Amino acid sequence: MTHPSWENLSDFFDPDEFATEAVFCRGEVEIGRVFGIFDDPTGPSSLGDYEHEIQAPHFTGPEDGLSLVEDGDTVSIEGKTFDVIGSPKLDGTGVSVVTLATLNVIFNAGL
């Protein structure tokens, strides 16, 4: 998909501004490093009287940087590791969103 020539997404996903680096892996193999926006909502967010609880963490980045990412990959962001859930969602402007989940952890329940 082609995008308007005036779009320079590197300005938006600049680590000197508010972007962070995500390292995507498939098994033990690194498949890419991408700068983007990481959101890890942990509770209700509010704007005035409006409240909306968002459950899933997600990473928004440039479409071309996330093109190799697949369901089941893992990603390390800000010292945390997450599972990738589904394929990146394209928005038609050159930006994709990847839905994440905390790694499947087995807790010792004393059994």
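Sequence positions are assigned chain by chain, starting from 1 and proceeding in written order. Where totals are concerned, whole chains, interfaces and linings use all residues; where local detail is concerned, this predicted model gives features only for residues with pLDDT of at least 70, and gives and counts side-chain atom pairs only at 80 or more. Heavy atoms throughout the structure, all of them, feed into the side-chain values; hydrogens and water do not.

1. With respect to the pattern of salt bridges
Side-chain pairs of opposite charge can arise whenever the charged atoms involved come near each other. The working definition used for a salt bridge is a side-chain nitrogen of Lys or Arg within 4 Å of a carboxyl oxygen of Asp or Glu. For the structure shown, the criterion picks out five salt bridges. With a shortest N-O distance of 3.5 Å, Glu21 and Arg33 are connected by a salt bridge. Of the two residues, Glu21 is situated in strand S1 (residues 20-26) and Arg33 in strand S2 (residues 29-39); the sequence distance between them amounts to 12 residues. With its nearest N and O atoms 3.7 Å apart, the salt bridge here joins Glu70 to Arg26. Highlighted residues: Glu70 in the loop between strand S5 (58-62) and strand S6 (74-77) and Arg26 in strand S1, separated in sequence by 44 residues. Through salt bridges with shared partners, a single ionic network connects Glu21, Glu30 and Arg33. Secondary structure elements are taken from DSSP: a helix is a run of H or I of four residues or more, a strand is a run of E of two residues or more, and numbering for both begins at the N terminus.

2. Topic: the packing of aromatic side chains
Pairing of aromatic rings covers Phe, Tyr and the six-membered ring of Trp, with a centre-to-centre limit of 6.5 Å; geometry is then stacked below 30 degrees between planes, edge-to-face above 60, and tilted otherwise. Overall, the coordinates contain four aromatic pairs when judged by the stated rule. Geometrically, the ring pair formed by Phe24 and Phe59 is edge-to-face, given 6.0 Å between the ring centres and 70° between the ring planes. Note that Phe24 is positioned in strand S1 and Phe59 in strand S5, a separation of 35 residues in sequence. For the pair Phe24 and Phe59, a shared accessibility class is recorded, and that class is buried. Here the term buried applies to any residue with accessible area under 20% of the maximum for its type, exposed to any over 50%, and partly exposed to those in between, with areas from a 1.4 Å probe on protein chains only.

3. Description of the side chain of Thr60
Mapped onto the elements, Thr60 comes out in strand S5. Thr60 sits in the buried class, given a relative accessible area of 15%. Two residues form a contact once any of their heavy atoms are found within 4.5 Å. Look past the residues within four positions of Thr60 in its chain and what remains in contact with it is Phe13, Gly36, Ile37, Val95, Ser96 and Val97.

4. Concerning the sheet that holds S1
The criterion for strand pairing is that DSSP finds at least two bridges linking the strands in question. The strand order S1-S2-S5-S8-S7-S6 describes a closed barrel built from six strands, whose pairing is antiparallel. The sheet shows a mean angle of 45° between the axes of neighbouring strands, direction not considered. Both S2 and S5 contribute to a ladder of three bridges, which runs antiparallel. Its bridge partner lying in S5, Phe38 is registered against Phe59. Structural elements are reduced to axes, namely lines fitted to C-alpha atoms, with helices fitted over the stretch in contact, and the angle between N-to-C directions of any two is expressed from 0 to 180 degrees.

5. Digging into the nonpolar core
In plain words, nonpolar cores are sets of buried Ala, Val, Leu, Ile, Met, Phe, Trp, Tyr and Cys residues tied together by side-chain atoms within 4.5 Å. If you look at the biggest cluster of nonpolar residues, it comprises 13 residues, and the most contacted ones within it are Phe24, Phe59, Leu66, Val75, Ile77 and Leu100. If you list the elements that add at least two residues to this core, you get S1, S2, S6, strand S7 (80-90) and strand S8 (95-102). Every residue in contact with Phe24, bar those within four places of it in the chain, is listed here: Val29, Glu30, Ile31, Gly32, Val34, Phe59, Leu66, Val69, Thr74, Val75 and Val84.

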